[in-house]
Amino acid sequence: MNNPLQNTEILVGDSIQTLRQKHKIKRSEYLPNGTIPVVDQSQDFIAGYINDTERAYDGDLPVIVFGDHTCTFKYVDFRFAIGAEGTQIIRPKKDFDIRYFYYALRNLPLEQFGYQRHFKYLKTSKMSCPPMQTQQKIAAILSTYDDLIENNTRRIKILEDMAQTLYQEWFVHYRFPGHENVPMVQSELGPVPQGWKTSQLGDLAESVRQNVKAGKVEQQSPYFGLEHLPRKSIALSDWDLVDAINSTKLIFKKNDILFGKIRPYFHKVGVAPLNGICSSDTIVIRPKRNEYFAIILSHVSSEYFINYATATSQGTKMPRANWEVLTKFPFVVPPLNILHRFNNMNQEIVGKIHNLIFTNNNLRQTRDLLLPKLISGEIDVSQLDIATDEVQPNQGGTPNV
């Protein structure tokens, strides 16, 4: 079916249907885990969870979530709940494949005006409306990249779960290889396997504070702000490239552990996939010896450590973790043969995670290069033999999928 408007430009506001939002979830209600993911205007695709299924969005799917303050666009095709602050839920009224509509909206040069509402500016923008078959081909091409990225993201999560399970088995439940033949003995931390020694974080790791002052940097450098550190994930997959900074930052090296010290209950801990600079509100943790890497990472990314950092933080409105206090965090260290084996297995997992991060970055760059060329028609797909989903044009906001 061809779009009667052919390849004309239309006003976005004339094609948007704003959907009702019966329930909105306040940020204070977000849970770290739950049955219903919460989608809001933040950079994280899923910001939290709730368990009350009656407060989930109950309208048509898929939808596009627009961040009124942040200008983020999210394509949501699963059951979710709506974050309360600054979210708009939209679908095209007619003549559009909704996936194409999502990509076309992302391609708009929408100017940001600080923390004010931007929906009014979105509605006055113009976008291209090619024939329906062309829309579906463009959406199919771009969706392929997003599907690959999502698949790699799932693989990263599986690898993280493997690392966490390994830590729990060996260092919490003490079910390490050969544990059947090792008796438990009493220690200041309770029963531990014979031959394991009690230690503290400061004995195995140090906080590196190598400053770089405000101004131009020698060459364009990856920069990790606290906003780039994901919650409950060691995979640091997002960063900016900067050639100048406006305040003192810290230098870190590949495989340093970055710990967000402001509001440590946010659980922002990750392994640097490359050299770069980071916010001075980050603690750069570096093992004193390579074989300590895995045990340090496992402990400082555990719920036990996060709870310890939170309980010992200084300040009330904006609590900060204190490295001098964190160095006192106690744990046990196994004999060298167990330590080396655990370290090798963990470093292999981290290496695979970093490879997937860089693969996803390459996929995003390619997709983002193609996006404006496809939407503008600079790359003509009309004659290409591309398989598309059988998605009919949306009439009145009702999906036919």
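Here the structure is a predicted model, which is why all the values come from computation and not from measurement.

1. Re unusual backbone geometry
And then number 1: Note the cis peptide between L61 and P62, where omega equals 0 degrees.
And then number 2: Along the chain, the position of P62 falls in the loop between β4 (48-50) and β5 (63-67).
And then number 3: At C71, a residue that is not glycine, the phi angle is positive and equals roughly 65 degrees.
And then number 4: Among the structural elements, C71 can be located in the loop between β5 and β6 (73-76).
And then number 5: Since its relative accessible area comes to 14%, C71 is described here as buried.
And then number 6: Its identity as a non-glycine residue notwithstanding, R263 has a phi of 50 degrees, on the positive side.
And then number 7: Summarising the element assignment, R263 is placed in the loop between β18 (257-260) and β19 (269-271).

2. Focus on the confidence of the model for the chain
And then number 1: When the pLDDT values of the chain are averaged, the result is 89; 95% of them are 70 or greater.
And then number 2: Within the chain, the lowest mean pLDDT, 82, falls on strand β1 (residues 8-11), and the highest, 97, falls on strand β13 (residues 205-207).
And then number 3: For the stretch residues 1-5, pLDDT sits under 50, and the model shows 15 contacts to residues farther than four places along the chain or on other chains.
And then number 4: Per-residue pLDDT stays below 50 along residues 390-401; that stretch engages in 33 contacts with residues further than four places along the chain or on separate chains.

3. Points about the pattern of salt bridges
And then number 1: Counted under the stated rule, the structure contains 17 salt bridges.
And then number 2: With its nearest N and O atoms 2.5 Å apart, the salt bridge here joins D146 to R367. Placement of the pair is D146 in helix α4 (residues 132-172) and R367 in helix α9 (residues 336-376), with a sequence separation of 221 residues. By the burial criterion, D146 is buried, and R367 matches it.

4. Thoughts on the sheet that holds β4
And then number 1: With mixed pairing, 3 strands are arranged side by side in an open sheet as β4-β3-β7. At either end of the open sheet lies a strand with only one pairing partner, and these are β4 and β7 (81-82).
And then number 2: As paired elements, strand β3 (residues 36-39) and β4 share 3 bridges and run antiparallel to each other. Directly across from P37, in β4, lies its bridge partner Y49.

5. Things to note about the environment of K253
And then number 1: Tracing the chain through its elements places K253 in the loop between β17 (249-252) and β18.
And then number 2: Residue K253 is classed as partly exposed on the basis of its relative accessible area, which comes to 47%.
And then number 3: Here the alpha-carbon distance between K253 and L201, two residues 52 residues apart in the chain, equals 20 Å.

6. Examining the packing of helix α6 (residues 293-300) against α9
And then number 1: Packing of α6 against α9 brings their axes to within 7 Å, and their N-to-C directions diverge by 70 degrees. One way to sum up the angle between α6 and α9 is to call them roughly perpendicular. Contact residues: α6 offers F293, A294, I295, L297 and S298, while α9 offers L339, F342, N343, N346, Q347 and V350.
And then number 2: Classifying every residue of the contact of α6 with α9 by side-chain character gives 7 nonpolar, 4 polar and no charged.

7. Notes on helix α2 (residues 98-106)
And then number 1: Of all 9 residues in α2, 8 are buried; the element is thus mostly enclosed.
And then number 2: Residues of α2 that are buried: I98, R99, Y100, F101, Y102, Y103, A104 and L105.

8. Comments concerning α9
For an α-helix, the turn length of 3.6 residues means that residues three or four places apart are oriented alike.
And then number 1: Over its 41 residues, α9 extends 60 Å from the first C-alpha to the last, a length consistent with the 60 Å expected when each residue adds 1.5 Å.
And then number 2: Bending of α9 peaks at approximately 25 degrees at the position of L370, with proline P372 no more than four residues after it.
And then number 3: With its phi angle positive at about 90 degrees, G377 sits one or two positions after the end of α9.

Definitions and limits used
Residues numbered from 1 in each chain as written. Predicted model: local features only at pLDDT ≥ 70, side-chain atom pairs only at ≥ 80, totals over all residues. Heavy atoms only, no water. Helix = DSSP H or I, 4+ residues; strand = E, 2+ residues; numbered from the N terminus. Buried < 20%, exposed > 50% of the residue type's maximum accessible area, 1.4 Å probe, protein only. pLDDT = per-residue confidence, 0-100. Contact = heavy atoms within 4.5 Å. Salt bridge = Lys/Arg side-chain N within 4 Å of Asp/Glu carboxyl O. Pairing = 2+ DSSP bridges. Axes fitted to C-alpha atoms, helices over the stretch in contact; angles between N-to-C directions. Parallel < 35°, antiparallel > 145°, perpendicular 65-115°, else oblique. Nonpolar A, V, L, I, M, F, W, Y, C, P; charged D, E, K, R; others polar. Expected span 1.5 Å × (residues − 1). Bend = angle between axes of the 7 residues up to and from the residue.

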